[in-house]
Amino acid sequence: MAETDYRAICLELFGTDDVEKLKMIAKQIRQKNTRHAGRKRKFNEAETEEMKRLQRAGMTVNDIARRFGTSRQIIGKYLNTPLPEGYTMRMTYMFRHQPCTTIDVDFLRRNIRIQNKTDDILHRAFGTNEQPTWDDFECFLQERCFPKTRGHLKDELRALGLDSYDPLQIVEKTKGRTAEDDLWLKIQYRQT
């Protein structure tokens, strides 16, 4: 039985028998998609839960995408569930660039559904309350806009293009920003 000459095979296949060059070639072969183009890989449930845990711990979507070797758009699809049937608005309560709580709103049935994305209760929309009511939601909206008793209220409303004091409309115009903190609301509507 003839002995296999691996050095000759390497020279024939790769044009070299240098170990370092062969290691580099092997590394390039393992990294097939160097531009990270094409269809992104799917993540299993355990990986999705890890993404959510990292986000709750304060990691940005960009950092999570780097850790999992994919784009932030793909990570966003795993972190952001679609609006449930009947819900027409999603408010994301943000601290600077960090999502803290998503609030799905069903105006017809006067119902909300939340998902906290941070462990920091000071940055959650409803603090420790995991099952907020419609009344809790209305109080939250009032806290995210200027008070009804503000002087020159009509001038403020006119500047926003509003005829009356409606906390939801005010929050839609101001994104829920206040002078007291760095929290704000990103608002999305169901596409029809």
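Note that the coordinates shown come from a computational prediction; the quantities given were computed from them, not determined experimentally.

### Overview of the side chain of Arg124
- Among the secondary structure elements, Arg124 is positioned in the loop between β3 (111-116) and α6 (134-143).
- The class for Arg124 is buried, based on a relative accessible area of 14%.
- A distance of 3.0 Å separates the side chain of Arg124 from the backbone oxygen of Thr118, its partner in a polar contact.

### Topic: the nonpolar core
- Of all hydrophobic cores here, the largest spans 24 residues; its most connected members are Met91, Ile103, Ile112, Phe126, Phe137 and Phe140.
- Secondary structure elements with two or more residues in this core: β1 (89-95), β2 (98-106), β3, α6, α7 (153-160), α8 (167-174) and β4 (183-189).
- Beyond its immediate sequence surroundings of up to four residues, Ile103 is in contact with Met89, Arg90, Met91, Ile112, Arg113, Ile114, Ala125, Phe126, Phe137 and Phe140.
- Ranked by size, the runner-up nonpolar core spans nine residues in total, among them Phe43, Leu54, Ile64 and Phe68.

### Structural notes on unusual backbone geometry
- Positive phi, normally seen in glycine, also occurs at Arg96, with a value near 55 degrees.
- Summarising the element assignment, Arg96 is placed in the loop between β1 and β2.
- Unusually for a residue other than glycine, Arg110 sits at a positive phi of about 50 degrees.
- By secondary structure assignment, the location of Arg110 is in the loop between β2 and β3.
- For Arg110, a relative accessible area of 46% gives the class partly exposed.

### Description of the layout of surface pockets
- Counted as a void, the largest pocket has a volume near 540 Å³.
- Along the wall of the largest pocket there are 24 residues; nearest its centre are Gly76, Asn80, Thr92, Lys186 and Gln188.
- Only α4 (61-68), α5 (72-79), β1, β2 and β4 provide two or more residues apiece to the lining of the largest pocket.
- The residue makeup of the lining of the largest pocket, split by class, is seven nonpolar, 13 polar and four charged.

Conventions used here
Residues numbered from 1 in each chain as written. Predicted model: local features only at pLDDT ≥ 70, side-chain atom pairs only at ≥ 80, totals over all residues. Heavy atoms only, no water. Helix = DSSP H or I, 4+ residues; strand = E, 2+ residues; numbered from the N terminus. Buried < 20%, exposed > 50% of the residue type's maximum accessible area, 1.4 Å probe, protein only. Polar contact = N/O pair within 3.5 Å; in protein donor to acceptor, adjacent residues only side chain to side chain. Core = buried A, V, L, I, M, F, W, Y, C linked by side-chain atoms within 4.5 Å. Contact = heavy atoms within 4.5 Å. 1 Å grid on protein atoms, 1.4 Å probe; cavity = no way out; pocket = protein on both sides within 12 Å on 5 of 7 lines; lining within 4 Å. Points joined across faces, edges and corners; volume = space filled by probe spheres on them. Nonpolar A, V, L, I, M, F, W, Y, C, P; charged D, E, K, R; others polar.

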